[in-house]
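Observations on the model geometry
Given next are the chains, with one letter for each unit.
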Amino acid sequence: MSYNLLIIEDNPNDAELITIALGEAKLGKKAFICENGAEALDFIFSKGKYAGAINQINLKAIFLDLKMPKVNGLEVLKQVKSNKTTKRIPVIVVTSSSQYSDISTAYDLGVNSYIVKPVDFDEFQRKITVVASYWLNENIEPMNQ
């Protein structure tokens, strides 16, 4: 199966909220969910249980939490953005952290957008819908050569 979106989120409730928001935005994209950074890196780089699959080819965007077990989101971001094959995939951080150090480090590592998770479901949905719509419908990607 081919996926267009990757959601990296250890909180199943937040992953579901993102999935609902994406579904209600009617973007027509298929999302895969990884529960921690280690699983996400295996998925993106076709290692471990995902060996042999070329999962990053069709990824249009990655929604990434920062505070996760095994491998944190900043390390996932660093590896994605430092790899020739994956560095152009838009990465949207969706996290509860509004700490300046997390925000500035994420941008230094190449994040495309940084969203602090609102507590209110409607506001959460609105933010995800707006950002996803931009990256999936409006943004122009460079052509692969």
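Above: the structure in question.
Residues numbered from 1 in each chain as written. Predicted model: local features only at pLDDT ≥ 70, side-chain atom pairs only at ≥ 80, totals over all residues. Heavy atoms only, no water.

1. Side note on the sheet that holds strand S4 (residues 91–95)
One open sheet holds the 5 strands; their spatial order is S2-S1-S3-S4-S5, and the pairing between them is parallel. One side of each edge strand has no neighbouring strand; the edge strands of this open sheet are strand S2 (31–34) and strand S5 (113–116). Neighbouring strand axes in the sheet, compared pairwise and without regard to direction, differ in orientation by 15° on average. Sheet topology note: the strand S1 (residues 5–8)/S2 ladder contains 4 bridges and is parallel. Each residue of the ladder has a partner; that of Leu-6, found in S2, is Phe-32. Each of S1, strand S3 (61–64) and S4 is contacted by helix H3 (residues 73–81), which is oriented at about 160° to S3, the strand it contacts most. Relative to the sheet, helix H5 (residues 121–138) contacts S1, S3, S4 and S5, its axis offset from that of S5 by approximately 170°. (Pairing = 2+ DSSP bridges. Helix = DSSP H or I, 4+ residues; strand = E, 2+ residues; numbered from the N terminus. Axes fitted to C-alpha atoms, helices over the stretch in contact; angles between N-to-C directions. Contact = heavy atoms within 4.5 Å.)

2. Quick look at the environment of Ser-97
For Ser-97, the position within the fold is in the loop between S4 and helix H4 (100–108). Assessed through its relative accessible area of 6%, Ser-97 is described here as buried. On a C-alpha basis, the gap between Ser-97 and Ala-61 in space is 20 Å, while along the polypeptide they are 36 residues apart. Not counting residues within four places of it along the chain, the set of residues in contact with Ser-97 comprises Lys-67, Asp-102, Tyr-114 and Val-116. Looking at Ser-97, its side chain comes within polar contact range of the side chain of Asp-102, at 2.4 Å. (Buried < 20%, exposed > 50% of the residue type's maximum accessible area, 1.4 Å probe, protein only. Polar contact = N/O pair within 3.5 Å; in protein donor to acceptor, adjacent residues only side chain to side chain.)

3. Focus on the pairing of S3
With burial as the criterion, each face of S3 is covered, one bearing Ala-61 and Phe-63 and the other bearing Ile-62 and Leu-64. Pairing analysis gives 4 bridges linking S1 to S3, with the strands arranged parallel. By the bridge assignment for S3, Leu-5 is matched with Ala-61. In this structure, S3 lies alongside S4, joined through 3 bridges in parallel fashion. In the strand pairing of S4, Leu-64 is matched with Val-93.

4. What to know about the packing of aromatic side chains
Considering all chains together, one arrives at 4 aromatic pairs under this definition. Centroid distance Phe-32 to Phe-43: 4.4 Å. Interplanar angle 10°. Geometry classified as stacked. Note that Phe-32 is positioned in strand S2 and Phe-43 in helix H2 (residues 37–44), a separation of 11 residues in sequence. According to the relative accessible area criterion, Phe-43 is buried, its value standing at 2%. (Phe/Tyr/Trp six-rings, centres within 6.5 Å; stacked < 30°, edge-to-face > 60°.)

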